[in-house]
Amino acid sequence: MADKGMSDKVKGAVNKVKGETKDQVGNAKNDPNMQAEGKKDKTKGDIQDGVGNFKNNANK
């Protein structure tokens, strides 16, 4: 059961990296839409990371 929390944490980390990449590329290209997508992905990653932490703590 502890694996489910880890899975969410990994997905969260992937989304954070993807979001940071989009944010930086959007900044370099002066593309506010891409920057917004990046910020959305980073937020999604933060939420997934929080869910993973919750699941890990709930299984203790």
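Here, the structure is the one placed above.
What this report covers is the structure whose coordinates are included nearby. Just so you know, the residues in each chain are numbered from 1, in the order the chain's sequence is written. Note on the predicted model: pLDDT of at least 70 is required for a residue's local features to be given, and 80 or more for side-chain atom pairs to be given and counted; whole-chain, interface and lining totals, by contrast, use all residues. No hydrogens and no water enter the side-chain calculation; it runs on all heavy atoms of the structure.

**As for helix H2 (residues 32-58)**
In step 1: Runs of E in the DSSP output that reach at least two residues are strands. Runs of H or I that reach at least four are helices, and both are numbered from the N terminus. Multiplying one less than the number of residues by 1.5 Å gives the expected span of a helix. In a regular helix each residue adds 1.5 Å, so 27 residues correspond to 39 Å; H2 covers 39 Å between its end C-alpha atoms and thus fits that length.
In step 2: Among all positions of H2, only Gly38, Asp41, Gly45, Gln48, Asp49 and Gly52 are buried.
In step 3: Any pair of N or O atoms that falls within 3.5 Å is considered a polar contact. Within protein, one atom must be able to donate a hydrogen and the other to accept it, and sequence-neighbouring residues count only if both atoms are side-chain atoms. The opening residue of H2 is Asp31, an N-cap whose side-chain oxygen sits 3.1 Å from the backbone nitrogen of Asn33. Whether a residue is buried, partly exposed or exposed follows from its accessible area with a 1.4 Å probe, protein chains only, as a fraction of its type maximum: under 20%, in between, or over 50%, in that order.

**Quick look at the side chain of Asp41**
In step 1: With respect to the element layout, Asp41 can be found in helix H2.
In step 2: The residues touching Asp41, leaving out its near neighbours within four places in the chain, are Asn15, Lys16, Lys18, Gly19 and Lys22. Contacts were defined at the residue level, with two residues in contact if any of their heavy atoms lie within 4.5 Å.

**Notes on the pattern of salt bridges**
In step 1: In what follows, salt bridge is the name for a side-chain nitrogen of Lys or Arg lying within 4 Å of a carboxyl oxygen of Asp or Glu. Taken as a whole and assessed by the stated rule, the structure comprises 9 salt bridges.
In step 2: One salt bridge in this structure joins Lys16 and Asp49, with 3.4 Å as the shortest N-O distance. One end of the pair, Lys16, is in helix H1 (residues 2-29); the other, Asp49, is in helix H2, with 33 residues separating them in the sequence.
In step 3: For Lys42, the salt bridge identified is with Glu20, shortest N-O distance 3.0 Å. Of this pair, Lys42 sits in helix H2 while Glu20 sits in helix H1, placing them 22 residues apart in sequence.
In step 4: Judged by its relative accessible area of 33%, Glu20 is partly exposed.
In step 5: Overlapping salt bridges, with partners in common, bring together Lys9, Lys16, Asp46 and Asp49 in one network.

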